[in-house]
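These are the residues of each chain, in order.
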Amino acid sequence: MLTVNKLLPQGRGLARVLLNRATTVELDWDVRQKSRFDATDSGGRHLGVFLPRGTLVRGGDVLVAEDGSMVKVVAAAQPVLEVRICSAHGTPFDLLRAAYHLGNRHVQLELQPDHLKLEPDHVLADMLRQMHLIVTETQAAFEPEGGAYAAGGHGHAHEHAHAHGHSHDHGHSHAPATAPAPSAPARGRPIGIAVRSETAPHVHGPGCGHDH
């Protein structure tokens, strides 16, 4: 068994030629969220992986073995639920609301601009369909959010060091010299504000796909 005890997030700092020579190992999320596991790489070598506890292994990370050889991690396709808005009747807010409710249930969730991914769960799938979202069972790589305090320090973070080549020191105070006088209440015609009714029925068209 070849021991692996070092991980380079996304192969950072490695030349492309070295990455191209590396063997690969395909792992699903169940394995990649563990810090100790066995695997077999594309070269047929048996790997014993021993990383710091709490480390999350992501697709694109590079494992470094005790002999100095490198193994690139590939996120394996696995069963997942893809959650998308109903293009006929939904809005992006529906997806935001779904992420909120799933987060309250501590569900591991991958966030994408136009969809969410989670591991299969028929109870959650039914809940999401009742929220008028389209839920599809598929096979895909799964990379859930690591959380603000995830160990390993790389997850989906992108090292936002605010070095943009400019200073936020404007050389002046943002505190107003005097407090602004309160404005008098406006008088005149009342302004009508349209209010969306929360009790309006959700109307489904052909091909909506909610399976009610």
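One can find the structure itself at the top, above this paragraph.
Definitions and limits used
- Residues numbered from 1 in each chain as written.
- Predicted model: local features only at pLDDT ≥ 70, side-chain atom pairs only at ≥ 80, totals over all residues.
- Heavy atoms only, no water.
- Helix = DSSP H or I, 4+ residues; strand = E, 2+ residues; numbered from the N terminus.
- Buried < 20%, exposed > 50% of the residue type's maximum accessible area, 1.4 Å probe, protein only.
- Contact = heavy atoms within 4.5 Å.
- Pairing = 2+ DSSP bridges.
- Axes fitted to C-alpha atoms, helices over the stretch in contact; angles between N-to-C directions.
- Polar contact = N/O pair within 3.5 Å; in protein donor to acceptor, adjacent residues only side chain to side chain.
- Salt bridge = Lys/Arg side-chain N within 4 Å of Asp/Glu carboxyl O.

Enquirer: Would you mind showing me how to read the overall build of the chain here?
Expert: Counting its secondary structure elements, the chain contains 4 helices and 10 strands. In the chain, the order of α-helices and β-strands from amino to carboxyl end is β-α-β-α-β-β-β-β-β-α-β-β-α-β. Evaluated residue by residue, the chain yields a buried proportion of 32% over its 212 residues. Put simply, of all contacts in the chain between residues at least 6 apart along the chain, 68% involve residues at least 24 apart.

Enquirer: How do you make sense of the sheet that holds strand β1 (residues 2-8) when you look at a structure like this?
Expert: Pairing in this open sheet of 6 strands is mixed, and the strands run β2-β6-β5-β1-β4-β3 from one edge to the other. The outermost strands of the open sheet, each flanked by one partner alone, are β2 (23-27) and β3 (36-40). In this sheet, adjacent strand axes meet at a mean angle of 35° when their direction is disregarded. Looking at chain direction, β2 and strand β6 (residues 70-75) are connected through 5 bridges and run parallel. Counted as the bridge partner of Leu-27 is Ala-75 from β6.

Enquirer: How should I be thinking about the environment of Leu-63 in this particular structure?
Expert: Looking at the secondary structure, you find Leu-63 in strand β5 (residues 62-65). In this structure Leu-63 comes out as buried when scored by relative accessible area, which is 0%. Once residues within four sequence positions are removed from consideration, Leu-63 is found in contact with Val-4, Lys-6, Leu-7, Val-25, Val-49, Leu-51, Ser-69, Met-70, Val-71 and Val-73.

Enquirer: Please clarify how the sheet that holds strand β8 (residues 110-111) should be interpreted in this entry.
Expert: As summarised here, the arrangement of the 4 strands in space is β8-β9-β7-β10, forming an open sheet in which the pairing is antiparallel. Looking along the sheet, the strands with just one partner apiece sit at the ends: β8 and β10 (133-140). With 2 bridges joining them, β8 and strand β9 (residues 116-118) adopt antiparallel strand pairing. Within β9, the residue paired with Leu-111 across the bridge is Leu-116. Against the sheet, helix α4 (residues 122-130) touches β7 (78-85), β9 and β10, its axis set at about 140° to β10.

Enquirer: What is the right way to look at the side chain of Glu-110 in this model?
Expert: Assignment of secondary structure puts Glu-110 in strand β8. At 2.7 Å, the side chain of Glu-110 and the side chain of Gln-112 are in polar contact. At 2.7 Å, the side chain of Glu-110 and the backbone nitrogen of Glu-143 are in polar contact. Each residue touching Glu-110, except ones within four places of it in the same chain, is listed here: His-115, Leu-116, Lys-117, Ala-141, Phe-142, Glu-143, Pro-144 and Glu-145.

Enquirer: Sorry if this is basic, but what is going on with the pattern of salt bridges here?
Expert: Where charged atoms from two side chains of opposite charge come close, those side chains can pair. Across all of its chains, the model carries 9 salt bridges by this definition. In this structure, Arg-45 engages Asp-67 in a salt bridge whose closest nitrogen and oxygen atoms are separated by 3.9 Å. In this pair, Arg-45 sits in the loop between β3 and β4 (46-50) while Asp-67 sits in the loop between β5 and β6, placing the two residues 22 residues apart along the sequence. Of the residues examined, Arg-45 reaches a relative accessible area of 25% and is grouped as partly exposed. Overlapping salt bridges bring together Arg-32, Arg-58 and Glu-143 as one network.

Enquirer: Would you explain α4 in this entry?
Expert: One turn of the α-helix equals 3.6 residues, which is why residues spaced by three or four share an orientation. Of all the residues in α4, the buried ones are Leu-124, Ala-125, Met-127, Leu-128 and Arg-129. Considering only its buried residues, α4 is in contact with β7, α3 (92-104), β9 and β10.

Enquirer: Just to check I follow, could you spell out unusual backbone geometry for this structure?
Expert: Most peptide bonds are trans, and most residues other than glycine sit at a negative phi. The backbone phi angle of Gln-10 is positive, close to 55°, even though this residue is not glycine. On the basis of relative accessible area, Gln-10 is assigned to the partly exposed category, the value being 44%. Phi at His-106 takes a positive value of approximately 55°, unusual for a residue other than glycine. Tracing the sequence through the fold places His-106 in the loop between α3 and β8. With a relative accessible area of 73%, His-106 lands in the exposed category.

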